[in-house]
Amino acid sequence: MTMTDPMTLLGGLSPAKFMRRHWQKRPLLIRQAMPGLTSFVSRAELFALAGQEGVESRVIAHQGKGWTLKHGPFARRSLPPVSQPAWTLLVQGLDTHLDAAHEVLSRFRFVPDARLDDLMVSWASDGGGVGPHVDSYDVFLLQIHGQRRWRIAPPGDATLVDGVPLKILKHFEPQDDWVLDPGDMLYLPPGWGHDGVAVGECMTASIGFRAAGRAELRDEVLQRMLDSSERPDLDPLYRDPNQPATDQPALIPAALREFAAREVARWLAEPQALACALGEVLSDPKPSVWFDSGEPLSTGQGVRLDRRTRMLYDERHVFINGEAFRAAGRDATLMRRLADERTLPAARLAALSDDARELLDQWAQAGWLHPLPD
């Protein structure tokens, strides 16, 4: 993927132009972003996935002015009849369950992997949808089967309808109205109101991006730093040889408060500890993701990352599935290549140091990567 070459996926824009003109700024409708697209999951397969433990799924139904929301897993008999109008099944994280869905998600890697979240598929009967709403994250809405009518509105009145289990906009005034066919795609920045309604039976893929709040990210990074912090063998104790006698024994001494503040500030001022914790947080798979154990690699084999693996890096570290490793020199170059390209040919793998090769063996046994086919 070259950042300056036009892409059919982006309506003839290059990734660089798309990010500059549209990303987090304004919507873009792309007719035939994926020409000839055929659905990578059938209705039966989607319904079966919704019945599995560890797969996040929801059913939303609309009758009259009422809405219902149920969370899976769903036995097939517990789903409404296909012929019943105005209901939707949403299944999250298809990219972690199906190689074909992961391949579609990989086409959007002109956005940093640290921002990629997952690929959700919604199946809807005629008239099905989730109501007009806004998302706090960027999303590409790719039509993969049938037709869906989308109406969108710029950021505005965010008042919600009372008494329903969904965050439905009370005052939704669309400014654009389109019907999308298979292969068509709509990009929406955060905050844009949108309402998608199935025209007959349809399936839509939503490629979403992580948008952690400042407080949420702060809390997760600080917790990682605390979890990895080791108390030094020589841990200086608080001393107060100049503490005078007091007639306010319940008052916390200012010197003790300053002692604690200095230690917290010193700890937070360690840039590598902060960078390491951030990489671990961003590369951590969702709690519902699990891996099957594998086998050590054989000599002469290349590797590919498992579709569920999240691998990132910074100037000094490589991060994989919530773990951090220091890397430098040739090992760092090759590990970064593995993270960027998600494969490493046998000839490149042979150039790794013994320690780095041992790491890859451990990751293979954990199911985080697999041998490339011969």
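We now turn to the structure provided with this report.

### Considerations on the side chain of Arg342
At step 1: Within the secondary structure layout, Arg342 lies in the loop between α7 (329-341) and β14 (343-344).
At step 2: Although Arg342 is buried, it forms no salt bridge, and the closest oppositely charged side chain is Asp113 at an N-O distance of 5.0 Å.
At step 3: Polar side-chain contacts of Arg342 include one of 3.0 Å to the backbone oxygen of Thr309.
At step 4: If we skip the residues at most four places from it in the chain, Arg342 touches His102, Arg109, Val303, Arg304, Leu305, Asp306, Arg307, Thr309 and Arg337.

### Quick look at the environment of Val59
At step 1: Checked against the element boundaries, Val59 lands in strand β2 (residues 57-63).
At step 2: Overall, the relative accessible area of 7% leaves Val59 in the buried class.
At step 3: Sequence separation between Val59 and Glu323 is 264 residues, and the spatial gap between their C-alpha atoms is 35 Å.
At step 4: The contact partners of Val59, leaving out residues within four places of it in the chain, are Thr68, Leu69, Lys70, Phe74, Leu79, Pro80, Trp87, Thr88 and Leu89.

### Some details on helix α2 (residues 43-50)
Given 3.6 residues per turn, any residue in an α-helix points the same way as the ones three and four places further on.
At step 1: Of the residues making up α2, those classed as buried are Leu46, Phe47, Leu49 and Ala50. Take α2 and look down its axis: the buried residues cluster within an arc of 160 degrees, on one side only.
At step 2: On its buried face, α2 sits against β2, β4 (87-91), β5 (116-124) and β9 (193-209).

### A short note on the pairing of β9
At step 1: The buried fraction of β9 amounts to 13 of the 17 residues, a majority that puts the element mostly inside the structure.
At step 2: Relative to β9, β5 runs antiparallel, the two being bridged by 8 bridges. Within β9, the position partnered with Ala124 by the bridge is Cys202.
At step 3: Pairing between strand β6 (residues 139-153) and β9: 13 bridges, direction antiparallel. For Ala153, the partnering residue across the bridge sits in β9 and is Gly193.

### Things to note about the sheet that holds strand β15 (residues 369-371)
At step 1: The strand order β14-β10-β15 describes an open sheet built from 3 strands, whose pairing is antiparallel. Bordering the open sheet on either side are β14 and β15, each of which pairs with just one other strand.
At step 2: As paired elements, strand β10 (residues 303-305) and β15 share 3 bridges and run antiparallel to each other. What sits directly across from Val303, in β15, is Pro371.

### Remarks on the packing of aromatic side chains
At step 1: Here the structure, examined in full by the defined rule, presents 15 aromatic pairs.
At step 2: Arranged with centres 4.8 Å apart and planes meeting at 50 degrees, the rings of Phe108 and Phe140 form a pair that is tilted. A residue pair is termed long-range when its members are at least 10 positions apart, and Phe108 in the loop between α3 (99-106) and β5 and Phe140 in strand β6 qualify at 32 residues.
At step 3: Judged by relative accessible area, which is 0%, Phe108 ranks as buried.
At step 4: Looking at Phe140, the relative accessible area reads 0%, which means it is buried.
At step 5: Taken together, Phe18, Trp23, Phe108, Phe110, Phe140, Tyr187 and Phe209 form an aromatic cluster joined through their ring pairs.

### Quick look at the sheet that holds strand β11 (residues 311-313)
Hydrogen bonds between backbone groups are what pair the strands of a sheet, and the pairing can be parallel or antiparallel.
At step 1: Taking strand neighbours across the sheet as the criterion, the 3 strands line up as β11-β12-β13 in an open arrangement whose pairing is antiparallel. Unpaired on one side and paired on the other, β11 and β13 (323-326) mark the two borders of the sheet. In this sheet, neighbouring strand axes are inclined to one another by 20 degrees on average, regardless of whether the strands run parallel or antiparallel.
At step 2: Where strand β12 (residues 317-320) lies against β13, 4 bridges are found, and the strand directions are antiparallel. The partner of His317 across the bridge, within β13, is Arg326.
At step 3: Its contacts with the sheet put helix α6 (residues 271-283) on β11, β12 and β13, and the angle it makes with β12 is roughly 25 degrees.

### Side note on a positive patch on the surface
At step 1: A cluster of like positive charges, contributed by Lys17, Arg20, Arg21 and Arg26, occupies part of the molecular surface.
At step 2: Within the element layout of this structure, Arg20 appears in helix α1 (residues 15-21).

### So, unusual backbone geometry
At step 1: Cis geometry marks the peptide bond from Gly72 to Pro73; its omega dihedral reads 10 degrees.
At step 2: Residue position: Pro73 is located in the loop between β3 (66-71) and β4.
At step 3: A positive phi angle is found at Gln32, which is not glycine, with a value near 55 degrees.
At step 4: With respect to the secondary-structure elements, Gln32 resides in the loop between β1 (28-30) and α2.
At step 5: Of the residues examined, Gln32 reaches a relative accessible area of 32% and is grouped as partly exposed.
At step 6: Phi is positive for Arg342, close to 65 degrees, though the residue is something other than glycine.
At step 7: On the basis of relative accessibility, which here comes to 12%, the residue Arg342 falls in the buried class.

Scoring rules and cut-offs
- Residues numbered from 1 in each chain as written.
- Predicted model: local features only at pLDDT ≥ 70, side-chain atom pairs only at ≥ 80, totals over all residues.
- Heavy atoms only, no water.
- Helix = DSSP H or I, 4+ residues; strand = E, 2+ residues; numbered from the N terminus.
- Buried < 20%, exposed > 50% of the residue type's maximum accessible area, 1.4 Å probe, protein only.
- Lys, Arg positive; Asp, Glu negative; His and termini not counted.
- Salt bridge = Lys/Arg side-chain N within 4 Å of Asp/Glu carboxyl O.
- Polar contact = N/O pair within 3.5 Å; in protein donor to acceptor, adjacent residues only side chain to side chain.
- Contact = heavy atoms within 4.5 Å.
- Arc of directions from axis to C-beta.
- Pairing = 2+ DSSP bridges.
- Phe/Tyr/Trp six-rings, centres within 6.5 Å; stacked < 30°, edge-to-face > 60°.
- Axes fitted to C-alpha atoms, helices over the stretch in contact; angles between N-to-C directions.
- Patch = residues over 30% accessible without salt bridge, like charges linked within 9 Å, V, L, I, M, F, W, Y side chains within 5 Å.
- Areas by Shrake-Rupley, 256 points an atom, 1.4 Å probe, with all protein chains shown as cover.
- Charge placed at Lys NZ, Arg CZ, Asp CG, Glu CD.

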